[in-house]
Amino acid sequence: MKPFAFRHGAEPWPPGETLLHVYVIPDLDQNPELAALTAGCREALAPYPLACVEDRWLHITLAQIADVFGSAYSEAERAELAAALTGDLAGFGSFSLTVGSCLAQASVVMFDVHPDDRIAALGTRVREVIGRVRGPGALSSEAGIAHMTIGYANGDADNAAIQRDLRRVRPGHATMRVSAVQLVDVSVDAEAKTVTWRPIATIPLG
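Thresholds applied
- Residues numbered from 1 in each chain as written.
- Predicted model: local features only at pLDDT ≥ 70, side-chain atom pairs only at ≥ 80, totals over all residues.
- Heavy atoms only, no water.
- Helix = DSSP H or I, 4+ residues; strand = E, 2+ residues; numbered from the N terminus.
- Expected span 1.5 Å × (residues − 1).
- Buried < 20%, exposed > 50% of the residue type's maximum accessible area, 1.4 Å probe, protein only.
- Arc of directions from axis to C-beta.
- Contact = heavy atoms within 4.5 Å.
- Core = buried A, V, L, I, M, F, W, Y, C linked by side-chain atoms within 4.5 Å.
- Phe/Tyr/Trp six-rings, centres within 6.5 Å; stacked < 30°, edge-to-face > 60°.
- Pairing = 2+ DSSP bridges.
- Salt bridge = Lys/Arg side-chain N within 4 Å of Asp/Glu carboxyl O.

Draft legend 1. A look at helix α2 (residues 75–89). Spanning 15 residues, α2 covers 21 Å between terminal C-alpha atoms, matching the ideal 21 Å at 1.5 Å per step. Taken together, the buried positions of α2 are R78, L81, A82, A84, L85 and L89. Along the axis of α2, the buried residues cluster in a sector spanning 160°; they form a single face. Turned more than 90 degrees away from the buried face of α2, the exposed residues are E75, A76, A83 and G87. Elements that come into contact with the buried residues of α2 comprise β3 (19–24), β5 (60–65), α3 (116–134), β10 (180–189) and β11 (194–204).

Written as structure tokens, this is what we have:
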């Protein structure tokens, strides 16, 4: 495992800049099994050079909106995007995900989430709205297969050893309910390996 680098589309994320994203943000009070799973995985990861994600910053990325930095968005443009997402997602419907297993990757430790069909369809719908409102330049970053990162590497580590310790966390899976997405303005700290954000709008799925 090698240190993680935050990206703006295909380019490095410049220091001090923010980017709008659409996230699924879990409510751990409403999903106690997931709260227990994340706590167990953080304990297993404690010996390794990883910056673990606090409960309040856990998220599944559906889209990074990469046409301009967050500071360039007017309040009217933010409201326009939130309104378009709200209109298009109103009939999507809530659904459940299974979170886990927890996987050591090249520079992050992340939870797989499945089944793929509804979360992938939600991501597709979100990106369609962004492309319609902001143009294709806003979609230069691919979210990839849905996942929830629990740790960003800030040093070198042995993936096999990390995976061995994560497999001892039992149970290794949890459920969560997805009933809304969040439009947020995201900041990163390249040194601390943290992701934080300011909320813009909550978009219910109906």
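Next comes the rest of the write-up.
Draft legend 2. Seen up close, the side chain of S107. You can see S107 is positioned in the loop between β6 (95–104) and β7 (108–114). In this view, S107 contacts M1, K2, P3, F4, Y152 and A153; residues no more than four positions away in its chain are not counted.

Draft legend 3. Spatial organisation of the nonpolar core. Within the largest apolar cluster, 69 residues are counted, with the highest numbers of intra-cluster contacts made by V109, L122 and I162. Ignoring any residue separated from it by four or fewer positions in sequence, one finds V109 in contact with M1, L45, L50, C102, L103, A104, T149, I150, G151, I162 and L166.

Draft legend 4. Geometry of the packing of aromatic side chains. Taken as a whole, this structure holds 6 aromatic pairs when the rule is applied. Where Y23 meets W197, the ring centres are 5.2 Å apart and the plane angle is 75°; that geometry is what we call edge-to-face. Residue Y23 is found in strand β3, and its partner W197 is found in strand β11; the two are separated by 174 residues along the sequence. Using a relative accessible area of 11% as the deciding quantity, one classes W197 as buried.

Draft legend 5. Representation of α3 within the structure. Its 19 residues place the ends of α3 26 Å apart at the C-alpha level, agreeing with the 27 Å of an ideal helix rising 1.5 Å per residue. Among all positions of α3, only I119, L122, G123, V126, V129, I130 and R134 are buried. Considered in projection along α3, the buried side chains sweep an arc of 125° and stay on one side of the axis. Turned more than 90 degrees from where α3 packs its buried face, D117 and R132 sit exposed.

Draft legend 6. Geometry of unusual backbone geometry. In this structure, P115 follows H114 across a cis peptide bond, with omega equal to 5°. By secondary structure assignment, the location of P115 is in the loop between β7 and α3.

Draft legend 7. Structural view of the pairing of β11. Pairing geometry for β10 and β11, over 10 bridges, is antiparallel. Bridge assignment links Q182 to a residue of β11, and that residue is T202. Counting the residues in the hairpin turn of β10 and β11 gives 4 residues, including K193, whose phi is positive at 60°.

Draft legend 8. Structural context of the pattern of salt bridges. Here the structure, examined in full by the defined rule, presents 10 salt bridges. A salt bridge links R134 to E77; the shortest N-O distance between them is 3.6 Å. Highlighted residues: R134 in helix α3 and E77 in helix α2, separated in sequence by 57 residues. Exposure remark for E77: the relative accessible area of 27% places this residue in the partly exposed category. A salt bridge links R198 to D185; its shortest N-O distance comes to 3.1 Å. Remark: D185 occurs in strand β10 and R198 occurs in strand β11; sequence separation between them is 13 residues. Owing to a relative accessible area of 51%, R198 belongs among the exposed residues under this scheme. Salt bridges here are not isolated pairs; linked through shared partners, they connect D67, E77 and R134.

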